[in-house]
Every structure is written in structure tokens, then in C-alpha cells.
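For reference, the chains in residue letters:
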Amino acid sequence: MTLIIIIAVIAIIVLWAISLQRNLVSQDEMCKNSMSQIGVQQQSRWDALTALVELVKSYNEHEYNTLRDVIAQRKDINGTSTASDVEAQEKAMTGLLRDIKVVAEQYPDLKANENYAKLMDSVNTYENQVRMSRMVYNDTATKFNTTVRQFPNSLIAGMLGFSAKDYLKEPEGKTEMPSMKI
């Protein structure tokens, strides 16, 4: 009888560990998917910014070259990217957008250009989509981190190599979206 109880307890522990491992894998994949979604949204925003840079080209070659050099720093964000990779891309995009606005101020005809207005609206839309994707990632990471850090899950998670995910932080000084009004 004692042997049956011991086997039953071991079986329950093994089944729990298998269930936990499957849950951790599922949540880890959701985190990777969320990070990939951020990359998709950032790619769309980069495309809109690239189109803006091409539009600026017709106004001044120097500004075009400067903005093109910033775009060359772009890196893809995917499921294996880290929170710091995303934050670095956000910083580069914010700088590029700021530079484009400075150029637009120097060239009133550019600000009045219909293509410029449409592209700035697109950037605004993509900015909101990136913000939502970042929120989804942080929510997914919270769920994963809670599972990984709670006892006794933390014992199995540690043995299987799962560790807490970093959160995406709001860039310093950026508490609201920059104005896109022209």
C-alpha cells in the first residue's frame, strides 16, 4: 500500500511538472510572438519614415543624406529580440522623426505638401500600433514572469532554463506621443 501511495505521489509530481513545462513553453512563445508583433509595427513605421525621407530629398540633399544615415541604423525586431533592442529602435525612430520635423519647419512648402501630411498621419497610426504592441508584450511578459517566479513553479522553471523576461519601459521624457500636427 505504501508503494502505491509513493508511486501515485511521484506520478502526480511528474504530471504537474509536464503540465508546467507545457504552460511555460506556451507562455514563452506568446512573449516571442508579442515581440515579433512589435517588430512588424516598427517595420511599418520605418517604411513610412523612409517615404518621408525620400520626400525630404526633393527639398534639400544635405538633410536627405543625414536622415538616410539614421535609417541605415535600423535593425529588425523579431521574437528573439530583447527589450533593450526595441528601446534602441524606438530611440532611433524618435530621433529621425524629430529631425524630419525640423526639416519641415525649414521648408514651409514641404509642410504644405499633401504627401507629407498623409505620411505623417501614417506615422501617427503606426506609433499607436507600436504602443499597443508594447502593452501586449508587457502583459504577456507579466503573465510569464508570474508563472516563472512563483513557488514551486520557480524550481521547475529554473531547471528547464526559463527565466523572467525584461519589460519594455517607456523612454525617459516620453510620456505622451509627440505632436504630428503640421
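Since the model is a prediction, treat every value here as computed from it, not as a measurement.

The rules behind these values
- Residues numbered from 1 in each chain as written.
- Predicted model: local features only at pLDDT ≥ 70, side-chain atom pairs only at ≥ 80, totals over all residues.
- Heavy atoms only, no water.
- Helix = DSSP H or I, 4+ residues; strand = E, 2+ residues; numbered from the N terminus.
- Contact = heavy atoms within 4.5 Å.
- Phe/Tyr/Trp six-rings, centres within 6.5 Å; stacked < 30°, edge-to-face > 60°.
- Lys NZ or Arg CZ within 6 Å of the ring centre and 35° of its normal.
- Expected span 1.5 Å × (residues − 1).
- Buried < 20%, exposed > 50% of the residue type's maximum accessible area, 1.4 Å probe, protein only.
- Patch = residues over 30% accessible without salt bridge, like charges linked within 9 Å, V, L, I, M, F, W, Y side chains within 5 Å.
- Areas by Shrake-Rupley, 256 points an atom, 1.4 Å probe, with all protein chains shown as cover.
- Salt bridge = Lys/Arg side-chain N within 4 Å of Asp/Glu carboxyl O.

Where do I start with the side chain of Asn145 in this structure?
Residue position: Asn145 is located in helix 5 (residues 114-149). Beyond its immediate chain neighbours, meaning those up to four positions away, Asn145 contacts Ala164, Lys165 and Tyr167.

Any chance you could explain the packing of aromatic side chains here in plain terms?
How two aromatic rings sit relative to each other is given by the distance of their centres and the angle of their planes. For the coordinates displayed, the defined rule picks out one aromatic pair. Lying over the aromatic face of Phe144, Lys165 brings its terminal NZ or CZ to 5.2 Å of the ring centre.

Sorry if this is basic, but what is going on with helix 3 (residues 83-106) here?
Since the α-helix packs 3.6 residues into each turn, any two residues three or four apart lie on the same face. The end-to-end C-alpha distance of helix 3 is 35 Å, a good match for the 34 Å that 24 residues give at a rise of 1.5 Å each. Among the residues making up helix 3, those that are buried are Ala83, Val86, Gln89, Glu90, Ala92, Met93, Gly95, Leu96, Leu97, Ile100, Val103 and Ala104.

Hey, could you run me through a nonpolar patch on the surface in this one?
A contiguous nonpolar surface patch, about 640 Å² in accessible area, is contributed by Met1, Ile4, Ile5, Val9, Ile13 and Trp16. If you trace the backbone, Val9 turns up in helix 1 (residues 2-57). The exposure class assigned to Val9 is partly exposed, which follows from its relative accessible area of 43%.

Explanation requested: the pattern of salt bridges in the structure shown.
When the charged atoms of two side chains with opposite charge come close together, those side chains can pair. For the structure shown, the criterion picks out five salt bridges. Residues Asp28 and Lys165 are paired through a salt bridge, measuring 2.5 Å at the closest nitrogen-oxygen approach. Taken together, the residues Asp28 in helix 1 and Lys165 in the segment after helix 6 (153-159) connect sequence positions 137 residues apart. The exposure class of Lys165 is partly exposed, given its relative accessible area of 22%. Among the ionic pairs, Arg45 bridges to Glu90, the shortest N-O distance being 2.7 Å. Of this pair, Arg45 sits in helix 1 while Glu90 sits in helix 3, and the two are 45 residues apart along the sequence. Exposure class is identical for Arg45 and Glu90. Each is buried.

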